[in-house]
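# Observations on the three-dimensional arrangement
Listed below, chain by chain, are the residues.
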Amino acid sequence: MNGEHLTIDIAVYGNTKDPTNIIFYSSGVHGVEGFAGSAIQLKVLSELLPSADKTKTVFVFIHSMNPFGMSWLRRWNENNIDLNRNSFWPTSTAAKECQSRLTDPAYHALNWLLNPIGLAWHDPVTYWMWTAWSLIKHGFTALKQAIASGQGKYPRGVFFGGEDIEQGPKKVLDWLEEFFGTFTSTVKTAVVVDLHTGLGPQGEDTLLTEGVHAPKDEFKRHFGTRVQFSGGPDAAKKSIAYDASGDWKHAVGDLIEGTWKGARVFPMTQEFGTYNPIKTFYNLRRENAMWQKYGKSLPKDHPAKLGVRGVFYLDHSTDWKAKVLKRGGQLFQDALRCVAE
């Protein structure tokens, strides 16, 4: 952006030689969602980490997994790919996983509505009218799953998962694998937190996990009632999220679990609510439509850009930002207690 290099930043603290625990934090997988995650990471690093017990734990922080999206105010990366539908470990399996992804029939049927190129003057009326019809026909839960779970057919469309793993997640996973390989110890417990905004009641956080690593009762015991299990065919009914393959936190969890058999791994998305999903999607769709037409010539102060930033980061709300920082700090303390057992 403005001639500057875009980078993924990595910080490591604590025991880097023979740890038995890992606490891992990442932000910005969805680009424009990264502002709140960045704030939480700064709070943890400056206020909470200095007093944490580092004797047996290594702390890994990945800042801005999607620097292009964060810089250009996009949820997707430079190739219009959703990195949370694109991350797999081992990375050698990614192409097969991506290319075998099925696109929901409802997404096919609504592609003309979901992915316009540019917007006509009457688009707001058309969007809300057809959205109402689609909700009546399919129901909110089925429509949410169909649109947001990821698709592999429309490269210029929303929630595109790509055809192979993107360079960002691949480089970080390769680095993590190499870094973990230097440990002379056996890791027993790992907490993996990926920071996001958008879903759920405004100002409240939900901890989303598929429940395929650590037992579900252990998740609830350590991290409380905010935990929701979002994996499986009924995910969209049971949680604020949906069932989707290729998400970042589980790629990291799979890497840790594959490196140390028997390790307790707790991968989760800490998701902070902003606005209702229909409003949020309207702004995602509008930004993508304008980007597909104008690309980098679209100004960052264009209403489509400001709109998508506004539904993922409530800059005007001191209350929302205070809640995000408070709950972000509380989860870090919960993670410390978890690995201390």
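Below is a summary of the structure that appears in this document. Here the structure is a predicted model, which means the values were calculated and not measured. In this convention, every chain numbers its residues from 1, walking through the sequence in written order. Under the rules for a predicted model, residues below a pLDDT of 70 receive no local features and side-chain atom pairs below 80 are neither given nor counted, while totals for whole chains, interfaces and linings still include all residues. Side-chain calculation: all heavy atoms of the structure are included, whereas hydrogens and water are not.

### Structural notes on the overall build of the protein
What counts, and what does not: Secondary structure counts use DSSP, requiring at least four H or I residues in a row for a helix and at least two E residues in a row for a strand, with both numbered from the N terminus. It is over C-alpha atoms that the radius of gyration is taken, and the globule rule equals 2.2 Å times the number of residues to the power 0.38. Exposure is judged per residue with a 1.4 Å probe applied to protein chains only, and the accessible area is read against the type maximum: over 50% gives exposed, under 20% gives buried, and values in between give partly exposed. Here, residues are in contact when the closest pair of their heavy atoms is within 4.5 Å. Throughout, the Shrake-Rupley method with a 1.4 Å probe supplies accessible areas, and for residues the shown protein chains are the sole cover considered. In this charge count, Lys and Arg are treated as positive and Asp and Glu as negative; neither His nor the chain ends contribute. For charged residues, the charge sits on one atom: NZ in Lys, CZ in Arg, CG in Asp, CD in Glu.
When you go through the protein residue by residue, the secondary structure sums to 13 helices and 7 strands. At 19 Å, the protein has a C-alpha radius of gyration in line with the 20 Å of a compact globule built from 341 residues. Its C-alpha atoms give the protein principal-axis dimensions of roughly 60 × 40 × 35 Å. Out of the 341 residues in the protein, the part that is buried amounts to 57%. Residue pairs in contact within the protein that sit at least 24 positions apart in sequence constitute 81% of those at least 6 positions apart. Here the protein has roughly 14500 Å² of accessible surface; of this, 54% comes from carbon and sulfur atoms. Taking the average place of the 38 positive charges on the side chains of the protein and the average place of its 35 negative ones, the gap between the two points comes to 4 Å.

### Focus on the sheet that holds strand β3 (residues 57–63)
Selection criterion: For two strands to count as paired, DSSP must find a minimum of two bridges between them. Note on geometry: axes are C-alpha line fits, over the in-contact stretch for helices, and angles between N-to-C directions span 0 to 180 degrees.
Strand order in this open sheet of 7 strands is β1-β3-β2-β4-β7-β5-β6, and the pairing throughout is mixed. Unpaired on one side and paired on the other, β1 (9–14) and β6 (227–229) mark the two borders of the sheet. Here the strands of the sheet are splayed against their neighbours by 25° on average, with no regard to which way each runs. Across 6 bridges, the pairing between strand β2 (residues 21–26) and strand β4 (residues 189–202) is parallel. For Y25, the partnering residue across the bridge sits in β4 and is V193.

### Quick look at the packing of aromatic side chains
This is how the line gets drawn: Pairing of aromatic rings covers Phe, Tyr and the six-membered ring of Trp, with a centre-to-centre limit of 6.5 Å; geometry is then stacked below 30 degrees between planes, edge-to-face above 60, and tilted otherwise. Comment: the charge-over-ring label is applied if NZ (Lys) or CZ (Arg) is within 6 Å of the ring centre and within 35 degrees of the ring normal.
Enumeration over the complete set of coordinates arrives at 26 aromatic pairs. Aromatic pair Y127 and Y282: ring centres 5.0 Å apart, planes at 55°, arrangement tilted. Of this pair, Y127 sits in helix α5 (residues 123–138) while Y282 sits in helix α11 (residues 277–294), placing them 155 residues apart in sequence. A relative accessible area of 3% means that Y127 is categorised as buried. Feature note: the residues Y13, Y25, F59, F61 and F332 constitute an aromatic cluster, connected by ring pairs. Between the NZ or CZ atom of K216 and the centre of the ring of F229, over which it lies, the distance is 5.0 Å. The ring of F35 is capped by R309, whose NZ or CZ atom sits 4.9 Å from the centre of that ring.

### Thoughts on the environment of M268
One can find M268 in strand β7 (residues 264–273). In this structure the C-alpha to C-alpha distance between M268 and F219, which are 49 residues apart in sequence, comes to 9.6 Å. If we skip the residues at most four places from it in the chain, M268 touches V191, V192, V193, D194, L207, L208, T209, F219, F223, K249 and L331.

### Looking at the pattern of salt bridges
Short version of the rule: Definition used for salt bridges: Asp or Glu carboxyl oxygen within 4 Å of a side-chain nitrogen of Lys or Arg.
The full count for this structure, using the stated rule, is 19 salt bridges. Residue R75 pairs with D82 through a salt bridge whose shortest N-O separation is 2.8 Å. For the pair formed by R75 and D82, the shared burial category is buried. In this structure, the salt-bridge partner of K321 is D315, at a minimum N-O distance of 3.3 Å. Looking at D315, the relative accessible area reads 41%, which means it is partly exposed. Beyond isolated ion pairs, a larger network of salt bridges with shared partners links E33, R75, D82 and R85.

### Focus: the nonpolar core
Formally: By nonpolar core we mean a set of buried residues, namely Ala, Val, Leu, Ile, Met, Phe, Trp, Tyr and Cys, connected to one another through side-chain atoms within 4.5 Å.
By size, the foremost hydrophobic cluster in this structure holds 32 residues, and its most contacted members are V191, F223, M268 and F332. Those elements that provide at least two residues to this core are β2, α1 (34–48), β3, β4, α8 (216–223), β6, β7 and α13 (318–340). Sort the elements by how many residues they give to this core and α13 lands first, with 8 residues. Setting aside its immediate chain neighbours within four residues, V191 contacts I22, I23, F24, F223, F266, M268, A335, C338 and V339. L83, F88, V172 and L173 belong to the second-largest nonpolar core, a separate cluster that totals 31 residues.

### Focus on the side chain of S64
By the secondary structure assignment, S64 is in the loop between β3 and α2 (67–72). What makes S64 buried here is its relative accessible area of 3%. Apart from the residues within four sequence positions on either side, S64 is in contact with T7, I8, S27, G28 and M70.

### Quick look at the environment of E210
Put simply, the rule is: The definition of a polar contact used here is a pair of N or O atoms within 3.5 Å, where within protein one atom must be able to donate a hydrogen and the other to accept one, and adjacent residues in sequence count solely through side-chain atom pairs.
Looking at the secondary structure, you find E210 in the loop between β5 (205–209) and α8. The class of E210 is buried, set by a relative accessible area of 14%. When the C-alpha positions of E210 and M268 are compared, they lie 8.2 Å apart, and in sequence the two are 58 residues distant. Among the polar contacts listed, one links the side chain of E210 to the side chain of H250, at a separation of 2.3 Å.

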